[in-house]
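# Reading the structure
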There are 2 protein chains.
Amino acid sequence: MTLSDEFLGALEDLCPVRGKEAVAALDPGFYPDNLAAGVAAHPRTVSEIQAIVELCRTHRVSIVPHGGRTGLAGAAASMPGQLIVDLKAMNRIEKVDVVSGTVRVQAGATLQSVQDECASHGLTPGIDIAARGSATIGGMISTNAGGMEAFRCGVMRHRVLGLEAVLPDGSVFSDLTCVTKANEGLDIKHLLIGAEGRLGIVTRAVLKLEQLPLATSTVLTSFENAAGAVAAFHNLRAAGNLLRAEIMWRSYAESVAKDVGLDDLIASFDGNVFVLFEHEGATQQDAQTVQEDVLIPLIEDGTISYAIVAQNDRQASDFWRIREDSWAVERQRPGGYWYDVSVPLEGLDQYVGELENDLKNIAANVHLSCMGHLGDGNLHVTVAGSDGVHPDKELVDHAVLSRLRLKGGSFSAEHGIGLEKMKALAAYGDPAKLRFARAIKQAIDPESLMNPGKVQS
Amino acid sequence: MTLSDEFLGALEDLCPVRGKEAVAALDPGFYPDNLAAGVAAHPRTVSEIQAIVELCRTHRVSIVPHGGRTGLAGAAASMPGQLIVDLKAMNRIEKVDVVSGTVRVQAGATLQSVQDECASHGLTPGIDIAARGSATIGGMISTNAGGMEAFRCGVMRHRVLGLEAVLPDGSVFSDLTCVTKANEGLDIKHLLIGAEGRLGIVTRAVLKLEQLPLATSTVLTSFENAAGAVAAFHNLRAAGNLLRAEIMWRSYAESVAKDVGLDDLIASFDGNVFVLFEHEGATQQDAQTVQEDVLIPLIEDGTISYAIVAQNDRQASDFWRIREDSWAVERQRPGGYWYDVSVPLEGLDQYVGELENDLKNIAANVHLSCMGHLGDGNLHVTVAGSDGVHPDKELVDHAVLSRLRLKGGSFSAEHGIGLEKMKALAAYGDPAKLRFARAIKQAIDPESLMNPGKVQS
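Quick notes on the rules
- Residues numbered from 1 in each chain as written.
- Chains lettered and ligands numbered in written order.
- Predicted model: local features only at pLDDT ≥ 70, side-chain atom pairs only at ≥ 80, totals over all residues.
- Heavy atoms only, no water.
- Pairing = 2+ DSSP bridges.
- Helix = DSSP H or I, 4+ residues; strand = E, 2+ residues; numbered from the N terminus.
- Axes fitted to C-alpha atoms, helices over the stretch in contact; angles between N-to-C directions.
- Contact = heavy atoms within 4.5 Å.
- Domains from an automatic or database assignment.
- Buried area = accessible area lost by both parts, 1.4 Å probe.
- Salt bridge = Lys/Arg side-chain N within 4 Å of Asp/Glu carboxyl O.
- Polar contact = N/O pair within 3.5 Å; in protein donor to acceptor, adjacent residues only side chain to side chain.
- Least-squares fit on C-alpha atoms with pLDDT ≥ 70 in both.
- Nonpolar A, V, L, I, M, F, W, Y, C, P; charged D, E, K, R; others polar.

### A look at the sheet that holds strand β6 (residues 102-106) of chain A
Residues and elements named next belong to chain A. Here five strands make up an open sheet; going across it, the order is β5-β6-β10-β8-β9 and the pairing antiparallel. Among the strands making up the open sheet, the edge pair consists of β5 (93-97) and β9 (172-175). The sheet shows a mean angle of 10 degrees between the axes of neighbouring strands, direction not considered. Relative to β6, β5 runs antiparallel, the two sharing four bridges. What sits directly across from Val-96, in β6, is Val-103. The sheet contacts of helix α4 (residues 111-119) involve β5 and β6, and relative to β5 the element is tilted by about 35 degrees.

As C-alpha cells, then:
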C-alpha cells in the first residue's frame, strides 16, 4: 500500500516532506520498523500539524507520530501507507521561568537540550534517561518515560504540569497550566501522557523543574541480597541528599565488567547484589562526606558487604559504565530476551529467586541478568541461553511475567506497550481497564487515525 | 421525585440502607444539599456495590458516591430520586508494606486513620488536609485533594499507585499495582482520580508512603512582598528539611489574629506577607537549628523582615491557628465570596496587586483576604464587603478568575469543580478538553448513572 500522489502533493504544500530515499537516510532508532512507512512530514507549527491531521482524515491515511525514535517497545513502528509525523523541527525551549520553577517547551526538543538550558539557570527537569541526546520531550510524554530519578522526582507524568496536543478531530487540546494544583474536571492531560500517540499528537508541554545538584559523589556497594540493599536505600534516603540508587545482580555486573575490562573491580566485592549510590553536596568533597557519614554505620553493622567511594571522575565513570553499558549483555549472548518489569521492594529477592528456579526447570545453562532502578523496584531482566541457543520464549515470558500482578508489580514498567508488549497486555492487563481504554479510543478516534494497530486496538 | 418501594425493598436486601429520618441524622458536611436525596446505601463489600449499581441501572436511579462529605465544591450534593452510596463502612486499612513503602486501603478509610496506622510504622501517606478526621481516601482520590505537603509530595494523584473502582456498567476496574512504574496502556486510573465520582465509584487504593518526620520546628516570618517570600522558600528548600510553607497576606493574618486574640503577635511584624515555615529534624532542637542556620542569612540580607521561631508547642500552635482558622474571616464578614486558585510563583505579587485594584474599582470598602500554600502558588481568596453588603458577584468572579489562564494558573486549584465551579469551567476551561471529557462520559456512562448534573454534563 502506498500513499497517493494527490495526498503527497497536498502534503508537500503544507510542510516539508521526506520521501522514501530521504527517510531511509534518517536514523531509524532502536526499533527496525520505525521508518517502514517511507514518508515523513516535518511540521514546524501546531497549525501545520492541524492541517496534516485534516488532510489525513480526508484521505484516510493513518498517522504515526515520531519523536527521537529511542523507544524500546515499538510504539513508533510504521507501515507503508501510513504517514510519519516527525516533531523534531518543533524543538524550541520557549520559556524558562526560574522563579516559578517551570519550563515550556515544544514537543520536539530533546531532553538533553532542555537539561542544558535549565542547567544554565541552576535547574533540572528532574528526569534523566540514557537516550537523553535524542529522546524528545513529546516522545517521553507519550511513553511516560521513567529513568533513574523517578524514586524522588517521579516519572514523566509527574513532571508535566501543562500539555498541548492536536486531537484526532484536528482540534487543539490546550491545557498549558504552569501549576501543580489545577483540578478542572476530568484530567485529559493524564490520559494523553503514556498514550503512545494513540489519542493525539503532543505538541507542547510545561514541565516542573527542580534544583540542579551542585556536585555529586558515587559509591559502589555490595550486599548479600536485595533486602540488604533496600534497607540501606531507606537509611540513605532518610539521611537526605540521595540522588540515584541503581541495583545490579552479580551475574549482570560480571557480564558487563568482563566486556569493558573491569573484572578485577567486580571480583574485589563480596555479595550477590551491587548498588551504585550517588549523593549530592555543595562540593564533591561535601557530597562524599555526606555519603561516608551514612555509609559507615551500614558497613559496621554488616548491612553493606563492601564499598568503594569513587575518588575521582574517572573512577565514578568506570562505576557508571558497568551500570549503563547494559548492551554488553547482548554482545556476550546475542539474541536473548529482554524485559522491563516492576516489583515492590519487599518482594525483590523472592521474585528473582523464583525466576532463577523456573529458568533452571526450563533449560540448562540459562543466563539470567537483572539490573535496574532500586527505588522503584524497576528491573531490566535479560534471559539468554548459551552459544546462541535460547530457551523457549513462551516459557520464559511466563516465568518472568506471570507472577507480577499478584505481587503488585507490573509487566510493563517504563518502556511502554508499543508492539512488544501487546500480548502481555492482553494476558495480564485488567479486562475492565482494557474495555475502558478501547471505549475511549473509539470515542475520540473512531476512524483510528492515530497510531493504529498498537496497544489494545 | 422519590424512589419506588420496589427499588427500596430490593436495595434493603443488598446492604444496610438509611431512609429519610436516619439520613437526616447524619452530618451533612460543608455542602447543604449533600443529603438531599434522603436515602443512603451503606455497602460493606465491592460485590455489594456492584449489586447496587446493577439495581440502579435497572431502575434508572442515579448514584451520588459519598466519602466524608468534607468537599467544599458540592460534588457530593444530591437530589430526591437519587441514591447516596456512602463508602464509610468500607474503611479497612488492609496492608501496610513497610519495606516497599505502600499501604492498601478501602475507600472509606479516613485520612486520619491511615495517617495514624502509617505513623505507627514511622511512615506517612505524604498528604495532609485540615479535614483529615472525616475526609476519606476515596473522596480525596475522587477530588484529587491537595493540601500543605503538595510542593514536595505532590497532590493525591501523585500518592496513588493503584486503584480499584466499580464502573457504571457494574464491572470492577482493578489496577492495584504497588509500584511507581507501570506503563500498561492508557492510564485509566488517572482519569478516575479527580473525576468526582462521575466515571465510577472508587473502592480501594494503594498509596505511596514517605518517611514520617521525627520532629519539627515552626517559624513565623514576614516579608515586604510575595517575591521575597518565594526567594526565601527556594533558599530554604534547597537547604533541605523544609516540610511546609504557608503564605498569608497581612489583611488575612490580621483578621484571624483579631478573632483568636493574637493581634499583638501580628502587630509585632513588619511587611505585607507572612509565611509559616515548618522544618524537620531528628529532635525539635535539631529542626530548630537547621531552621535558624538557613534563616539567619536571609534575615541579615533583608529578605526576611521579621521572624519568630516557636519556642514550644503552644507557641507553634498559636502560629498554626492563624493559618488554619480561616473561618474567622467568614465570622468577621459573613457571606463573602471564596475562591481557590493557583498562580505561578513568579506572578503572585502582580496577581494580588491587580486584584486589589480591580476590587477598588468595583466597590468601596471591599475586603480582600488571601492565604494558601506558597510552594504551589495555591491561594484561597476571600472577597467581602462591609456590614453584610457585598460587591456584585459576577464582577468579583471576573476580577479573581479571568486573568488566571493567561498567567498559566488555575481557576480551580484543589477543591474541584462540583457544582460551585461549573460556570467557571464553562467560561475558562479549554473547549477541546471539555469536548474530550464529555465524549468519555458519554462512552463510559451513556445513561449518566454516576453523579449526573455536575461538571460538564
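Moving on, there is more to tell.
### A closer look at the domain arrangement of chain A
All names here are of chain A. Here the domain parsing of chain A yields domain 1 (5-86), domain 2 (93-211), domain 3 (215-324) and domain 4 (333-415). For domain 2 and domain 4, the distance between their C-alpha centroids amounts to 31 Å. Contacts between the two partners involve nine residues from domain 2, matched on the other side by five residues from domain 4. Taken over both partners, the interface formed by domain 2 and domain 4 buries close to 420 Å², and the fraction arising from carbon and sulfur atoms is 45%. At the boundary of domain 2 and domain 4, one finds zero salt bridges. One can count two residue pairs in polar contact (both at pLDDT 80 or more) joining domain 2 with domain 4.

### Considerations on unusual backbone geometry
Residue and element names in this part refer to chain B. Although it is not a glycine, Asn-241 adopts a positive phi angle of roughly 70 degrees. Within the secondary structure, Asn-241 sits in the loop between α9 (226-239) and β13 (242-249). One non-glycine residue, Asp-387, adopts positive backbone phi at about 50 degrees. Topologically, Asp-387 is positioned in the loop between β18 (378-384) and α16 (393-401).

### So, the sheet that holds strand β14 (residues 273-281) of chain B
All names here are of chain B. An order of β15-β12-β14-β13-β17-β18-β16 is seen for the seven strands of this open sheet, with the pairing classed as antiparallel. For this open sheet the edge positions go to β15 (306-309) and β16 (337-342), each flanked by a neighbour on one side alone. Each strand of the sheet is rotated relative to its neighbour by a mean of 15 degrees, with strand direction disregarded. Contacts between α9 and the sheet are confined to β12 (215-223), β13 and β14, with β14 contributing the most and set at about 10 degrees to the helix.

### Some points on the relation of the copies chain B and chain A
Mapping between the two copies of the chain is achieved by a rotation about an axis and a shift along the axis. Mapping chain B onto chain A calls for a screw motion: a turn of 180 degrees about the axis and a shift of 0.0 Å along it, with 0.0 Å RMSD after fitting. Here the copies are linked by what is in effect a two-fold axis.

### Thoughts on the interface of chain B and chain A
Counting from both sides, the interface comprises 76 residues of chain B and, opposite them, 76 residues of chain A. In total, chain B and chain A occlude about 6100 Å² of area from one another, counting both sides; carbon and sulfur atoms represent 60% of this. At the junction of chain B and chain A, the tally comes to eight salt bridges. The residue B:Lys181 makes a salt bridge to A:Glu414 at a minimum N-O spacing of 3.0 Å. Seen at the junction of chain B and chain A, the total is 37 residue pairs in polar contact (both at pLDDT 80 or more). If you list the elements that add at least two residues to the side of chain B that touches chain A, you get α6 (150-153), α7 (156-159), β9 (172-175), α8 (188-192), β11 (210-211), α9 and α19 (431-444) of chain B. Sort the elements by how many residues they give to the side of chain B that touches chain A and α19(B) lands first, with nine residues. Residues belonging to the side of chain B that touches chain A are distributed by class as follows: 34 nonpolar, 25 polar and 17 charged.

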